[in-house]
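# Examination of the molecular architecture
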Amino acid sequence: LATGVAVLAGCDRPDPAPTPPTPPSPAPIPDAVAAADRLRDAGKVVEAVEAYAAHAGANPRDPLPWVRIGVVLRDNGQFDDAVEALAKAKEREAAPTDTDALLAECVLGAGRADDALRMARAAAKDLPRSPEALRVLAASCRVHGLFDEQIAALEKRVALSPDDADALVDLGGALYPVKAWERLGAVGE
């Protein structure tokens, strides 16, 4: 993580790009984490990571600051460090959560596609109503060329979140090549 924080030092920016929402916490967000979230949202990523880490040190059983650190590192392309932070979050979680999917996504980003697919399948099995788990499963399947499984995961995701524009776009993007090949096959007959 020290490497991740050092690299993040050059990432402070006045107008940060919007960050995807982090997995929800079952308990109210502690004030220290909310303050770190505000730092992150203001583009002060180094300060945010330091604040999350301070909360983690003061609350060693709380997975939330480790999840947030993982998200910040993921958003800055530091997948190996994000995996390390998310693994610490998982050590503190008693049951499957969307952190499992986030961890699989970061493992995929770190270039370990086989591990990511295994983890994404487990997350989708353990969390069948999680659009996030299905999104990561679909991405892992796409990398492996498992298009039928990818489409099935995306169809489930859309069924769970029919108003989610990103889910619809992802499904359309997955279906387009399949439909194009079907049309080409029909032309050749």
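Residues numbered from 1 in each chain as written. Predicted model: local features only at pLDDT ≥ 70, side-chain atom pairs only at ≥ 80, totals over all residues. Heavy atoms only, no water.

What follows deals with the overall build of the chain. Per the secondary structure count, the chain includes 10 helices and 0 strands. Reading the secondary structure of the chain in the N-to-C direction produces α-α-α-α-α-α-α-α-α-α. When each of the 189 residues of the chain is scored for burial, the buried share is 41%. A separation of at least 24 residues holds for 54% of the contacts in the chain among residues at least 6 apart in sequence. For the chain, the exposed area adds up to about 10,100 Å²; of that, 58% sits on carbon and sulfur atoms. (Helix = DSSP H or I, 4+ residues; strand = E, 2+ residues; numbered from the N terminus. Buried < 20%, exposed > 50% of the residue type's maximum accessible area, 1.4 Å probe, protein only. Contact = heavy atoms within 4.5 Å. Areas by Shrake-Rupley, 256 points an atom, 1.4 Å probe, with all protein chains shown as cover.)

Chain-level statistics for the chain give a pLDDT mean of 86 and a share of 81% at 70 or above. Confidence scores differ between elements of the chain, with helix 1 (residues 2-8) showing the lowest mean pLDDT of 55 and helix 7 (residues 113-126) the highest of 98. Every residue in residues 13-17 scores below 50 in pLDDT, and together they form 7 contacts with partners more than four places removed in sequence or on other chains. (pLDDT = per-residue confidence, 0-100.)

Taken as a whole and assessed by the stated rule, the structure comprises 15 salt bridges. Between arginine 40 and aspartate 41 there is a salt bridge whose closest N-O contact spans 3.0 Å. For the salt bridge of arginine 118 with aspartate 115, the shortest nitrogen-to-oxygen distance reads 3.8 Å. Of this pair, arginine 118 and aspartate 115 both sit in helix 7, separated by 3 residues, roughly a single helical turn. Residue arginine 118 is classed as exposed on the basis of its relative accessible area of 52%. Note on aspartate 115: relative accessible area 31%, which makes it partly exposed. (Salt bridge = Lys/Arg side-chain N within 4 Å of Asp/Glu carboxyl O.)

With respect to the helices and strands, the residue glycine 77 is situated in the loop between helix 4 (64-75) and helix 5 (79-91). Here the alpha-carbon distance between glycine 77 and glycine 109, two residues 32 residues apart in the chain, equals 7.9 Å.

Let us look at the packing of helix 4 against helix 5. Running from N to C, helix 4 and helix 5 cross one another at 165°; their axes reach a closest spacing of 8 Å. Of the possible angle classes, the one that applies to helix 4 and helix 5 is roughly antiparallel. As for how helix 4 packs across helix 5, the hand of that crossing is left-handed. Within the contact between the two elements, helix 4 uses Trp66, Val67, Ile69, Gly70, Leu73 and Arg74 and helix 5 uses Phe79, Asp81, Ala82, Ala85, Leu86, Lys88 and Ala89. Here the contact of helix 4 with helix 5 is composed, by residue class, of 9 nonpolar, 1 polar and 3 charged. (Axes fitted to C-alpha atoms, helices over the stretch in contact; angles between N-to-C directions. Parallel < 35°, antiparallel > 145°, perpendicular 65-115°, else oblique. Left-handed = near helix turned anticlockwise from the far one by under 90°. Nonpolar A, V, L, I, M, F, W, Y, C, P; charged D, E, K, R; others polar.)

For helix 7, with 14 residues, the first-to-last C-alpha span of 20 Å sits near the 20 Å given by 1.5 Å per residue. Buried residues along helix 7 sit against helix 6 (98-109) and helix 8 (131-144). (Expected span 1.5 Å × (residues − 1).)

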